[in-house]
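# Coordinate inspection notes
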Number of protein chains: 2
Amino acid sequence: MQRTDTSGDAVAAILQQWQRERPDLDASPMGIIGRLGRCTALLRGRLDETFSRFDLSSWEFDVLATLRRAGSPHCLAPTTLFRTLMITSGTMTRQLQQLEGRGLISRQPNPDDARSQLVQLSPAGLALIDEAVAAHVANEHAILAPLAAAERAQLEQSLIRLLAILETPGD
Amino acid sequence: MQRTDTSGDAVAAILQQWQRERPDLDASPMGIIGRLGRCTALLRGRLDETFSRFDLSSWEFDVLATLRRAGSPHCLAPTTLFRTLMITSGTMTRQLQQLEGRGLISRQPNPDDARSQLVQLSPAGLALIDEAVAAHVANEHAILAPLAAAERAQLEQSLIRLLAILETPGD
DNA sequence: CTCAATTACCTTGAATTCAAGATATAATTT
DNA sequence: AAATTATATCTTGAATTCAAGGTAATTGAG
C-alpha cells in the first residue's frame, strides 16, 4: 500500500489542533519548521522523477555530480566525497561499490597512501551526469517557475539567513 | 566514523563550481532548493537532541504527538495515522508494535470493523508526550530566537507560498 | 439472496542507512 | 631508533524503511 496525503495546508491545521489541545504552548515555530520539512519532502519526490529518467537515484546523482563539479580529472578521495555529501563512510563504500559495478566510476588504489583510494568518473559516468545535470536544473527551473522573481529573492534571502543561524557552531 | 562538514555557506561554493564547470547552465534554483535541503538536514539534528532526552526517536515523537493532537480519547485508526505521517502502512505496523511494547499505546480490535484496529495513547504515553511536546516547542523557540520577528514572518510567508506551489496537484 | 470483484487494512521479505570494528599511517615519547 | 599512542581510511553487522502479498469487508450485478 502506498503512502497518501490529502493536505490543503496541513501545517495550519496542525497548529490549530495544538492551540485547542495545549493552549498553554506557543506552537508558532512549527509554522516555519513544519513547513520547511514538508517542502523538502515534496521536493524530493519532484526531483526524483528527473533522476529516474536517467536510471539514477538521488544519492547516485549526488555522488556523480560532486565528482563532476570538482572539474577535470573528476577525481576525488572517498573521504572528501562523504564529507561533502554529509553521509557516513560506510554508506559511501556501498555507494561506490554499486557505481563501480555500473561502470560509472573507477576506483584505484592511491600509490602514495595504501589507506586511500582514488575515485574517478568514467567516460560513461561523465556523459551521463552531464546530461542529467542539465535535465535536473531545467526541472528545478520548472518547479520554481510559478514564483515571481521578487518572491524567489525573498525566499532565498530568508533561507540564507536561517542557514547561517543553523550552521553557527554555538548551538 | 562520523559524518562531518566544514561548510561556510556550502551552497554558494557549489553554485560557483557549477558556474565554472558548466557556464551553459543557470544553476540559480539550487540556491533555494539546495539551502532548503540543508536547513532541513541541520534542523533534524537539533530536534533529535530534545527527543532523545525523552528516549524518543523522531518518528516515535511524531506518532505520539499525532494521537495527542487528535484530542481525547487520543484514539485513531492506523490508516489515519500513516496517512497523516506520510509513511507506508508497513512502517506504521512496526512502529505501533514497538510503541505498544513500550507501553505508550494500546491496540484494540475495532468492534465495528474486524479489519481495523484502534490505537490509543496509554496514560504513560499521554504523560510522556505532554512533557516532550513542551520541551520540543521550547527547543524550536530557542533555535529560531536569533531571527527577529520580521525575519520570521518573511520566512514563514515565503514557505507558505512555496508549499502552496508544491502541493498544487498540477505538477 | 448469492456470488464475484473491488476496495481497504495489516503483516512479511528485500534494499538502504548508520554505528562499531579492522587495518594502515603519522606523531610522540623514551 | 623503537615503541606507543593517536589519527585516518575503508569495510562489515544491526536497525530502519519501503514494496509486494494475504486477509477481511463492502459493493453491485445477476
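Structure: see above.
Predicted model only: the values in this text are computed from it and were never measured.

### With respect to helix H5 (residues 89-101) of chain B
Residues and elements named next belong to chain B. Between its first and last C-alpha atoms H5 spans 18 Å; for 13 residues at 1.5 Å apiece the expected length is 18 Å, and the two agree. Along H5, the positions that sit buried rather than exposed are Met92, Gln95, Leu96 and Leu99. Looking straight down H5, one finds its buried side chains confined to an arc of 100 degrees; they lie on one side. Turned more than 90 degrees away from the buried face of H5 sit Arg94 and Gly101, all of them exposed. Where H5 is buried, its residues meet helix H3 (58-69), helix H4 (78-85), strand E2 (105-109) and strand E3 (117-121). Immediately beyond the C-terminal end of H5, within one or two residues, lies glycine 103, with a positive phi of roughly 75 degrees.

### So, the interface of chain B and chain A
The partner chain A presents 74 residues to the 76 residues of chain B that form the contact. For the pair chain B and chain A, the summed buried surface comes to about 7,400 Å²; carbon and sulfur atoms form 66% of the total. A per-residue breakdown of the area chain B buries against chain A is headed by Ile32, Arg69 and Met86 of chain B, which together make up 10% of the total. Linking chain B with chain A are ten salt bridges, by the criterion used here.

### Some points on the packing of helix H2 (residues 29-53) of chain A against helix H2 (residues 29-53) of chain B
Packing of H2 of chain A against H2 of chain B leaves a shortest axis separation of 9 Å and a crossing angle of 125 degrees. When the axis of H2 of chain A is compared with that of H2 of chain B, the two are oblique. Seen from above, H2 of chain A lies across H2 of chain B with left-handed handedness. Along its contact with H2 of chain A, which presents Ile33, Leu36, Gly37, Cys39, Thr40, Leu43 and Leu47 of chain A, the element H2 of chain B presents Ile33, Leu36, Gly37, Cys39, Thr40, Leu43 and Leu47 of chain B. Its residues assigned to classes, the contact of H2 of chain A with H2 of chain B shows ten nonpolar, four polar and no charged.

### What about the environment of arginine 20 of chain A?
Looking at where arginine 20 of chain A falls in the secondary structure, it is placed in helix H1 (residues 10-21). Separated by 42 residues in the primary sequence, arginine 20 of chain A and aspartate 62 of chain A have C-alpha atoms spaced 43 Å apart. Leaving out residues up to four positions away in the same chain, arginine 20 of chain A has contacts with Arg69 and Ala70 of chain B.

### Some remarks on helix H4 (residues 78-85) of chain A
All names here are of chain A. Among all positions in H4, only Pro78, Leu81, Phe82 and Leu85 are buried. What you see down the axis of H4 is that its buried residues fit within an arc of 90 degrees, all on one side. Of the surrounding secondary structure, the elements contacted by the buried residues of H4 are helix H3 (58-69), strand E1 (75-76), helix H5 (89-101) and strand E3 (117-121). Directly after H4, the chain includes methionine 86, whose backbone phi takes a positive value near 55 degrees.

### A look at the sheet that holds E3 of chain A
All names here are of chain A. Taken together, three strands build an open sheet; the order of strands is E1-E3-E2 and the sheet is antiparallel. Here the strands that pair on one side only, and so sit at the sheet edges, are E1 and strand E2 (105-109). Two elements, E2 and E3, share five bridges in a ladder whose sense is antiparallel. Directly across from glutamine 108, in E3, lies its bridge partner leucine 118. In the packing of H5 onto the sheet, contacts are made with E2 and E3, and the angle to E2 comes to roughly 115 degrees.

### A short note on the relation of the copies chain B and chain A
The operation relating the pair of chain copies consists of a rotation about an axis and a translation along that axis. For the pair chain B and chain A, the relating rotation is 180 degrees, the translation along its axis is 0.0 Å, and the fit reaches an RMSD of 0.1 Å. Such a combination of turn and shift is consistent with a two-fold rotation axis. When the interface residues of chain B are mapped onto chain A, 97% of them again fall at the interface, so both copies present the same face.

### What to know about the sheet that holds E2 of chain B
Residues and elements named next belong to chain B. Strand order across the open sheet formed by three strands is E1-E3-E2, with antiparallel pairing between neighbours. At either margin of the open sheet sits one strand with a lone partner, and together these are strand E1 (75-76) and E2. Two strands pair when backbone bridges link them, and E1 and E3 are joined in this way by two bridges, in the antiparallel orientation. Counted as the bridge partner of leucine 76 is valine 119 from E3. The strands that H5 touches are E2 and E3; relative to E2, the one it contacts most, it runs at about 115 degrees.

### Quick notes on the packing of aromatic side chains
Here a ring pair, both rings aromatic, is described through the centre-centre distance and the interplanar angle of the planes. Residues and elements named next belong to chain A. Throughout the structure, instances matching the rule amount to two aromatic pairs over all chains. Taken together, a centroid distance of 4.4 Å and an interplanar angle of 25 degrees make the contact between phenylalanine 51 and phenylalanine 61 stacked. Placement of phenylalanine 51 in helix H2 and of phenylalanine 61 in helix H3 is noted, with a sequence separation of ten residues between them. Summarising the burial analysis for this pair, phenylalanine 51 and phenylalanine 61 share the class buried.

### Quick notes on the environment of alanine 153 of chain A
Within the secondary structure layout, alanine 153 of chain A lies in helix H7 (residues 149-167). In this structure the C-alpha to C-alpha distance between alanine 153 of chain A and alanine 65 of chain A, which are 88 residues apart in sequence, comes to 25 Å.

### A closer look at the pattern of salt bridges
Going through the model one piece at a time under the given rule, you end up with 22 salt bridges over all chains. Of the charged contacts, one joins arginine 20 of chain A and glutamate 21 of chain A as a salt bridge, the two residues approaching to 2.7 Å between their closest N and O atoms. Classification of arginine 20 of chain A by relative accessible area gives exposed; the value is 52%. We note a salt bridge from arginine 38 of chain B to glutamate 167 of chain A, for which the minimum N-O separation is 2.9 Å.

About the thresholds
- Residues numbered from 1 in each chain as written.
- Chains lettered and ligands numbered in written order.
- Predicted model: local features only at pLDDT ≥ 70, side-chain atom pairs only at ≥ 80, totals over all residues.
- Heavy atoms only, no water.
- Helix = DSSP H or I, 4+ residues; strand = E, 2+ residues; numbered from the N terminus.
- Expected span 1.5 Å × (residues − 1).
- Buried < 20%, exposed > 50% of the residue type's maximum accessible area, 1.4 Å probe, protein only.
- Arc of directions from axis to C-beta.
- Contact = heavy atoms within 4.5 Å.
- Buried area = accessible area lost by both parts, 1.4 Å probe.
- Salt bridge = Lys/Arg side-chain N within 4 Å of Asp/Glu carboxyl O.
- Axes fitted to C-alpha atoms, helices over the stretch in contact; angles between N-to-C directions.
- Parallel < 35°, antiparallel > 145°, perpendicular 65-115°, else oblique.
- Left-handed = near helix turned anticlockwise from the far one by under 90°.
- Nonpolar A, V, L, I, M, F, W, Y, C, P; charged D, E, K, R; others polar.
- Pairing = 2+ DSSP bridges.
- Least-squares fit on C-alpha atoms with pLDDT ≥ 70 in both.
- Phe/Tyr/Trp six-rings, centres within 6.5 Å; stacked < 30°, edge-to-face > 60°.

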